[in-house]
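The chain contents come next:
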Amino acid sequence: AGPRVLQVIGEDFRGLSLLAKTNGDGIPSNAIYLQSLLALAFILTSTFESILVFAGFTLALNSFATVLGVFVLRVRQPNLPRPFRIFAYPLPPIIYLLLTGWTLWFVLMNRPGEGLFGLTVIASGLLFYALSARLGRTLPAT
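Note that this is a predicted model, so its numbers are computed, not measured.

Conventions used here
Residues numbered from 1 in each chain as written. Predicted model: local features only at pLDDT ≥ 70, side-chain atom pairs only at ≥ 80, totals over all residues. Heavy atoms only, no water. Helix = DSSP H or I, 4+ residues; strand = E, 2+ residues; numbered from the N terminus. Rg over C-alpha atoms; globule rule 2.2 N^0.38 Å. Buried < 20%, exposed > 50% of the residue type's maximum accessible area, 1.4 Å probe, protein only. Contact = heavy atoms within 4.5 Å. Areas by Shrake-Rupley, 256 points an atom, 1.4 Å probe, with all protein chains shown as cover. Core = buried A, V, L, I, M, F, W, Y, C linked by side-chain atoms within 4.5 Å. Phe/Tyr/Trp six-rings, centres within 6.5 Å; stacked < 30°, edge-to-face > 60°. Lys NZ or Arg CZ within 6 Å of the ring centre and 35° of its normal. Expected span 1.5 Å × (residues − 1). Arc of directions from axis to C-beta.

Enquirer: I'd like to hear about the overall build of the protein chain, residue by residue, with values.
Expert: Per the secondary structure count, the protein chain includes five helices and zero strands. On C-alpha atoms alone, the protein chain measures out to a radius of gyration of 18 Å, which is more than a quarter above the 14 Å that the 2.2 N^0.38 rule sets for 142 residues. Overall, the C-alpha framework of the protein chain stretches about 50 × 40 × 30 Å when taken along its three principal axes. Counting the 142 residues in the protein chain, one finds 20% classified as buried. Taking contacts inside the protein chain between residues at least 6 apart in sequence as the whole, the part at least 24 apart equals 60%. Put simply, the protein chain shows about 10,400 Å² of open surface, and 71% of that area lies on carbon and sulfur atoms.

Okay, structure coming up:
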């Protein structure tokens, strides 16, 4: 899945268009090579446990932001149709945010290297996105 995500990023941002290139069979080979190099770099520079903590922290932080976005969307667009209802709303997402927030805090306190690296990766992605959007470097939707 990772190379396909990189391929779509390459399709959306001109500066990374090299990642969108595919071979004759439609396989994003440049994205696969980059993903493989990143995986090898992680394997060679860290322990397996550190990689798992970093990946888990980063994924949990993204899911935390996604669930938090439910509340932001409710405030910013209160009249938006909501075809999906959840029992006892807003209790389940609040419980999820509390448990995930505690987990993120626990990782930051007990494994600060992996947690801070995860925050750095996400912050750099947000910075790249903001700069790309501001400079108009995105490609038009197809």
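What follows picks up the thread again.
Enquirer: Pulling in residues and values, what's your account of the nonpolar core?
Expert: If you look at the biggest cluster of nonpolar residues, it comprises six residues: Val53, Phe57, Ala60, Leu104, Val107 and Leu108. Sequence-distant contacts of Val107, that is, excluding residues within four places in its chain, are made with Val53, Phe57, Pro112 and Gly115.

Enquirer: Could you give me a rundown of the packing of aromatic side chains, with the residues and numbers involved?
Expert: Tallied over the entire structure, the rule returns seven aromatic pairs. Centroid distance Phe71 to Tyr89: 5.9 Å. Interplanar angle 25 degrees. Geometry classified as stacked. Note that Phe71 is positioned in helix α3 (residues 48-76) and Tyr89 in the loop between α3 and α4 (91-110), a separation of 18 residues in sequence. Among the residues examined, Tyr89 registers a relative accessible area of 30% and is labelled partly exposed. Feature note: the residues Phe13, Phe128 and Tyr129 constitute an aromatic cluster, connected by ring pairs. For the cation-ring pair, Arg74 lies above Tyr89, with the distance from its terminal atom to the ring centre recorded as 4.3 Å.

Enquirer: Quick one: what's the story with α3, residue by residue and with numbers?
Expert: Compared with the 42 Å implied by 1.5 Å per residue over 29 residues, the 41 Å span of α3 between its first and last C-alpha is a close match. Within the span of α3, buried status applies to Ser50, Val53, Phe54, Phe57, Thr58, Ala60 and Val67. The inward-facing, buried residues of α3 abut α2 (29-45), α4 and α5 (112-135).

Enquirer: Tell me about the environment of Ile27, residues and numbers included.
Expert: Relative to the assigned elements, Ile27 resides in the loop between α1 (2-12) and α2. For Ile27 and Ser124, which are 97 residues apart along the polypeptide, the C-alpha to C-alpha distance reads 27 Å. Apart from residues lying up to four places away in sequence, Ile27 is in contact with Lys21, Thr22 and Ile32.

Enquirer: Outline α1, supporting the account with residue identities and numerical values.
Expert: Of the residues making up α1, those classed as buried are Pro3, Leu6, Gln7 and Gly10. Relative to the axis of α1, the buried residues are bounded by an arc of 105 degrees and lie together on one face. Packed against the buried residues of α1 are α2.

Enquirer: Give a description of the environment of Glu49 that names residues and reports values.
Expert: Examined against the element boundaries, Glu49 turns out to sit in helix α3. A sequence separation of 65 residues divides Glu49 from Glu114, and the C-alpha atoms of the two residues are 10.0 Å apart.

Enquirer: Can you explain the side chain of Thr100? Please cite residues and give values.
Expert: Secondary-structure assignment places Thr100 in helix α4. Overall, the relative accessible area of 8% leaves Thr100 in the buried class. Those residues within four positions of Thr100 in sequence are excluded, and the remaining contacts are Ala60, Ser63 and Phe64.

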